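Letter by letter, the chains look like this.
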Amino acid sequence: MTSIVGPASFKFFGIFPAAILSFILPIIGIGLFTYIMARRIAPLVRANPDSRFDQIGKRIVNLAFIWLGQVRQPRYMLAGVLHIVIFAGFLVLSIRSTSLVVIGFSDGFVLPGFGGLFGDVYNFLKDYAATGVLVSCIIAAIRRGIFKPKRYAVPEKLGKDHTAEAVFVLGIISTLMISESLFEASEIAYAFQLTGQEYFLAPLSLVWIFKGMLSSVPQNILQGLHIFMYYVHDLAFFFFLCFLPMGKHFHVITSVFNVFFSRVEKGNIKPVMYGVSDEGLDDLDSFGVKTLEDFTWKHMLDFYSCADCGRCSDQCPANAVGRPLSPRFITIKARDLMFKNYPMSGEIYKSGLIVEDIYTEDEIWSCTTCGACEEECPLAIEYIDKIVDLRRGMVDEGMVPQSLQKPLKALEKRGNPYGKMEKKRADWWAKDKEFKARLDIKDLGKKTADTLYFVDSITSYDDNIQEIARKTSIILDHAGVDFGILGKLEKDSGNEVIRFGEEMLWQDLRDQNTDAILETGVKQIVTADPHAYNALKNDYKGLPGVKHISQVVAEKIKNGDLELKPCQSPDEVYVYHDPCYLGRHNGVYEDPRAALDAIDGLTRVELEKSRDRSFCCGGGGLMLFYEPEEETRMGVLRVNMAAEAGATVIVTACPFCLVNIQDAIKVTGKEGEMEVLDFTELIEQHLV
């Protein structure tokens with residue numbers, strides 16, 4: 001014997017060829033995996049359609065950054081780094097695992113292109129990858145099994161804890177790393193004993209360590225260990241492959257597809273049914289999601305792809321204030337229902353009304369559609385469209401909270417949730433005597449202008465917020481913008497209406513606004529309301545370009561068309577609060593900050609939760625009219641965050657945020673020591 005016998009040539013008891021076992025294992029493993037996947041794909045086949053084959057370039061970019069680059073993982077540093085090491089190690093070792101399967105039939109098999117110098121470099125990296133994965137698995141198992149971070153906890157009423165499954169999978173991965181390294185180390189140790197030849201191994205890698213441990217082990221034991229470790233690896237590999245689709249680790253398989261098919265546009269809401277025009281909606285038997293199969297195939301893929309990491313719920317403001325909503329369990333409960341209704345064998349169970357089956361009404365109404373969960377998810381799982389679809393189904397079934405019925409009727413009748421006269425929409429703020437003496441606002445129903453200032457309902461009708469409209473108008477005029485308003489022709493933008501699930505009302509508001517805007521012939525639209533900004537920019541079609549007032553101000557300052565005085569209150573400490581529909585949904589983070597920083601002498605600090613991790617004020621999705629069950633208000637938590645940052649003035653750029661933070665300052669008893677200003681008010685104070 002000149003070298004160790006590989007699994008393809010080895011015979012058990014000198015009689016039974018091991019190659020037969022090497023052939024049977026993959027056949028059974030791949031066959032069983034194919035059957036399991038066919039059962040798992042069954043609900044996706046029955047699901048509603050989804051349009052996910054557009055903008056392939058952007059999808060490839062998402063795949064490169066979110067899936068391959070794992071860019072969201074380090075947002076939770078320790079867990080993220082561990083996951084990146086395991087993920088990267090898996091990618092590197094997948095080549096080795098594939099070749100090992102073939103080695104069972106052909107000793108010394110090497111994948112094409114992996115011989116020579118390139119193969120030596122790959123083996124060097126592969127050995128460190130296996131070592132890194134094993135170390136990461138050990139740390140992750142200790143962290144998950146002993147320290148148990150709070151975000152992994154599962155309330156008893158919501159199902160079983162998944163710690164045991166997570167640790168078990170880490171054990172399987174560790175087994176793969178150890179068996180592969182021992183398989184290689186035993187061969188190298190055997191060759192060293194025969195020839196005395198040393199092979200260069202990655203120092204301190206598993207193979208390097210194991211080779212040193214085995215250097216004096218008898219050859220017959222090395223031979224047995226070599227074959228034993230091969231089949232340990234083979235069995236673990238195919239067991240792991242078939243085990244993945246059975247639980248939360250299905251994401252190892254589905255994540256690449258889920259990220260590729262993830263949304264490429266932000267801020268918009270999916271149509272009621274892909275492939276059905278607005279005119280064809282009347283022919284649908286029902287709206288929205290009522291049963292499991294009413295979800296789209298992509299949303300079902302989301303359910304399969306959840307890693308159960310808890311990041312979404314950890315960042316969810318509704319969950320933080322004790323509302324009956326945790327995005328994580330929106331996904332997990334649906335996945336469990338898919339597993340239950342589509343078992344591995346036997347008949348498929350009929351789905352019932354999903355809100356009564358696994359969700360509650362309060363759970364679905366508690367969402368503010370802020371998008372924090374989607375921004376955080378490392379696998380690009382979507383929640384807002386699911387929530388909206390569930391609400392569409394509930395509205396269609398008449399399951400509407402009592403407190404929301406009145407504003408909806410008012411929107412239908414008057415075009416605003418307050419039920420006030422539409423013909424006096426502009427009178428409430430534009431005809432204020434003092435303001436009118438200073439500035440006469442154009443009515444674009446009678447005059448023309450280059451720019452439309454879209455005011456929207458809360459700014460038009462809320463007495464406490466109307467000052468935003470006046471300040472915005474003064475800023476636009478001061479900056480030399482030729483603008484006007486729609487006046488009585490303006491209807492609510494509908495941003496909240498569509499997210500509430502009232503599809504037909506939303507379409508009516510959209511169509512009336514679209515006709516009125518296009519009739520004016522304006523070249524651009526400006527608004528000071530991020531909710532209106534988002535709707536006009538992302539939900540409407542065919543309109544002129546839309547800008548938020550902060551973008552206009554930043555642009556005019558940069559061009560020299562707008563000059564600001566030094567800070568009028570230099571002793572105050574200012575902090576900017578990112579509104580969800582300006583920041584997360586539309587990526588406008590720097591313009592408001594640039595405008596504030598242009599005020600000489602203004603001291604500005606940052607909140608810990610800022611930009612794409614900003615904390616919702618609680619005003620999204622008609623929440624100003626809905627009183628959910630909660631332990632505290634989101635605005636209260638936000639005010640406390642500002643206080644911890646050392647701020648005395650909170651600057652926001654959204655009327656909804658202004659209302660909620662004003663109330664929160666009163667609730668927290670911080671009146672006199674803290675105040676909130678809208679962006680437009682602060683800028684207007686400092687106009688030269």
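Residues numbered from 1 in each chain as written. Predicted model: local features only at pLDDT ≥ 70, side-chain atom pairs only at ≥ 80, totals over all residues. Heavy atoms only, no water.

1. Observations regarding the overall build of the protein chain
Each helix and strand in the protein chain was counted, giving 29 helices and eleven strands. Referenced to the eigenvectors of the C-alpha coordinate spread, the extents of the protein chain come out at roughly 105 × 60 × 45 Å. Taking all contacts inside the protein chain whose residues are at least 6 apart in sequence as the whole, residues at least 24 apart take part in 79%. When the accessible surface of the protein chain is split by element, carbon and sulfur atoms take 58% of a total near 29200 Å². (Helix = DSSP H or I, 4+ residues; strand = E, 2+ residues; numbered from the N terminus. Contact = heavy atoms within 4.5 Å. Areas by Shrake-Rupley, 256 points an atom, 1.4 Å probe, with all protein chains shown as cover.)

2. Observations concerning the sheet that holds strand 5 (residues 483-485)
The parallel open sheet is built from five strands, whose spatial order is 3-5-4-6-7. Unpaired on one side and paired on the other, strand 3 (442-443) and strand 7 (545-548) mark the two borders of the sheet. On top of the sheet, helix 25 (residues 549-559) reaches strand 6 (524-527) and strand 7; it is set at about 85° to strand 7, its chief contact. (Pairing = 2+ DSSP bridges. Axes fitted to C-alpha atoms, helices over the stretch in contact; angles between N-to-C directions.)

3. Some words on a negative patch on the surface
A cluster of acidic residues, Glu356, Asp357, Glu361, Asp362, Glu629 and Glu631, forms a negative patch on the protein surface. Those elements that provide at least two residues to the negative patch are helix 13 (354-357) and helix 14 (361-365). Inspection of the secondary structure puts aspartate 357 in helix 13. (Patch = residues over 30% accessible without salt bridge, like charges linked within 9 Å, V, L, I, M, F, W, Y side chains within 5 Å. Salt bridge = Lys/Arg side-chain N within 4 Å of Asp/Glu carboxyl O. Lys, Arg positive; Asp, Glu negative; His and termini not counted. Charge placed at Lys NZ, Arg CZ, Asp CG, Glu CD.)

4. Considerations on the sheet that holds strand 8 (residues 573-577)
Spatially, the four strands line up as an open sheet ordered 9-8-10-11, and their pairing is parallel. Edge positions in the sheet fall to strand 9 (603-605) and strand 11 (675-678), since each of these pairs with one other strand and no more. Put simply, the sheet's adjacent strands are angled 35° from each other on average, direction ignored. Bridging between strand 8 and strand 10 (residues 649-652) involves four bridges; their strand directions are parallel. Note that in strand 10 the partner of valine 575 across the bridge is isoleucine 650.

5. Details of the domain arrangement of the protein chain
According to the domain assignment, the protein chain contains domain 1 (17-45 + 55-246), domain 2 (284-396), domain 3 (413-558) and domain 4 (573-685). Taking only C-alpha atoms into account, the centre of domain 1 sits 47 Å from that of domain 4. (Domains from an automatic or database assignment.)

6. Some remarks on the environment of phenylalanine 12
Note on placement: phenylalanine 12 falls in strand 1 (residues 11-12). Overall, the relative accessible area of 25% leaves phenylalanine 12 in the partly exposed class. Phenylalanine 12 sits 378 residues away from leucine 390 along the chain, and the two C-alpha atoms are 59 Å apart. Excluding residues that lie within four positions of it along the chain, phenylalanine 12 makes contacts with Ala18, Leu21, Ile227 and Tyr231. (Buried < 20%, exposed > 50% of the residue type's maximum accessible area, 1.4 Å probe, protein only.)

7. A word on the packing of aromatic side chains
One pair of aromatic rings is described through two measures. These are the centre distance and the angle between the planes. In total, this model carries 30 aromatic pairs according to the counting rule given. Geometrically, the ring pair formed by phenylalanine 10 and phenylalanine 12 is edge-to-face, given 5.5 Å between the ring centres and 85° between the ring planes. One aromatic cluster is present, built from ring pairs that chain together Phe10, Phe12, Phe16, Phe183, Tyr230 and Tyr231. Seen from the ring of phenylalanine 192, lysine 211 lies directly overhead, with NZ or CZ sitting 4.3 Å from the centre. (Phe/Tyr/Trp six-rings, centres within 6.5 Å; stacked < 30°, edge-to-face > 60°. Lys NZ or Arg CZ within 6 Å of the ring centre and 35° of its normal.)

8. What about unusual backbone geometry?
A positive phi angle is found at phenylalanine 13, which is not glycine, with a value near 55°. On the secondary structure map, phenylalanine 13 appears in the loop between strand 1 and strand 2 (16-17). With a phi angle near 50°, glutamine 70 is a residue other than glycine that sits in the positive phi range. Mapped onto the fold, glutamine 70 is located in the loop between helix 2 (56-68) and helix 3 (77-103).

9. Brief notes about helix 16 (residues 384-396)
If you check helix 16, its first and last C-alpha atoms are 18 Å apart, about what 13 residues at 1.5 Å a residue would give, namely 18 Å. Burial runs high along helix 16: twelve of the 13 residues are buried. Buried within helix 16 we find Ile384, Asp385, Lys386, Ile387, Val388, Asp389, Leu390, Arg391, Arg392, Gly393, Met394 and Val395. Each element contacted by the buried residues of helix 16 is listed here: helix 9 (297-305), helix 13, helix 14, helix 15 (372-376), helix 22 (495-500) and helix 23 (503-520). Glycine 398 sits one or two positions beyond helix 16 and adopts a positive phi of about 80°. (Expected span 1.5 Å × (residues − 1).)

10. What about the state of the cysteines?
Applying the stated rule across the entire model yields zero disulfides. Here cysteine 312 stays free of any disulfide, with the sulfur of cysteine 306 as its closest cysteine sulfur at 6.2 Å. For cysteine 373, which is in no disulfide, the shortest distance to another cysteine sulfur is to cysteine 370 and amounts to 6.3 Å. (Disulfide = S-S within 2.5 Å.)

11. Side note on the pairing of strand 11
Pairing of strand 10 with strand 11, which is carried by four bridges, proceeds in the parallel orientation. Opposite valine 651, over in strand 11, you have leucine 677 as the bridge partner.

12. Quick word on the packing of helix 21 (residues 466-478) against helix 25
Direction vectors running N to C along helix 21 and helix 25 enclose 30°, while the axes themselves pass 11 Å from each other. By the angle class used here, helix 21 and helix 25 are roughly parallel. When the axes of helix 21 and helix 25 are compared, the crossing they make is left-handed. Counted together, Thr472, Ile475 and Leu476 of helix 21 and Ile549, Val552 and Val553 of helix 25 form the full contact between these two elements. The residue makeup of the contact of helix 21 with helix 25, split by class, is five nonpolar, one polar and no charged. (Parallel < 35°, antiparallel > 145°, perpendicular 65-115°, else oblique. Left-handed = near helix turned anticlockwise from the far one by under 90°. Nonpolar A, V, L, I, M, F, W, Y, C, P; charged D, E, K, R; others polar.)

13. Looking at the pairing of strand 7
With burial as the criterion, only one face of strand 7 is covered, namely that bearing Val546 and His548; the residues Gly545 and Lys547 on the opposite face remain uncovered. Where strand 6 lies against strand 7, four bridges are found, and the strand directions are parallel. Directly across from glutamine 524, in strand 7, lies its bridge partner glycine 545.

14. Topic: the packing of helix 5 (residues 163-195) against helix 7 (residues 219-243)
Between helix 5 and helix 7, the least distance of the axes is 8 Å, while the angle of their chain directions is 150°. Considering their axes alone, helix 5 and helix 7 lie roughly antiparallel with respect to each other. Of the two elements, helix 5 crosses helix 7, and the hand of that crossing is left-handed. When grouped by side-chain class, the residues that make up the contact of helix 5 with helix 7 number 20 nonpolar, eight polar and three charged.

15. Section: the side chain of serine 181
For serine 181, the position within the fold is in helix 5. Taking relative accessible area as the criterion, serine 181 reaches 1% and is therefore assigned buried. Apart from the residues lying within four places of it in its own chain, the contact partners of serine 181 are Ala130, Leu206, Val207 and Phe210.

16. A few points about the pattern of salt bridges
Following the criterion strictly, the structure yields 45 salt bridges and no others. For arginine 593, the salt bridge goes to glutamate 606, with nearest N and O atoms at 2.6 Å. Of this pair, arginine 593 sits in helix 26 (residues 590-597) while glutamate 606 sits in the loop between strand 9 and helix 27 (634-644), and the two are 13 residues apart along the sequence. Exposure remark for glutamate 606: the relative accessible area of 31% places this residue in the partly exposed category. Here the salt bridges do not stand alone but share partners, grouping Asp578, Glu590, Arg593, Asp597, Arg604, Glu606 and Arg611 into one network.

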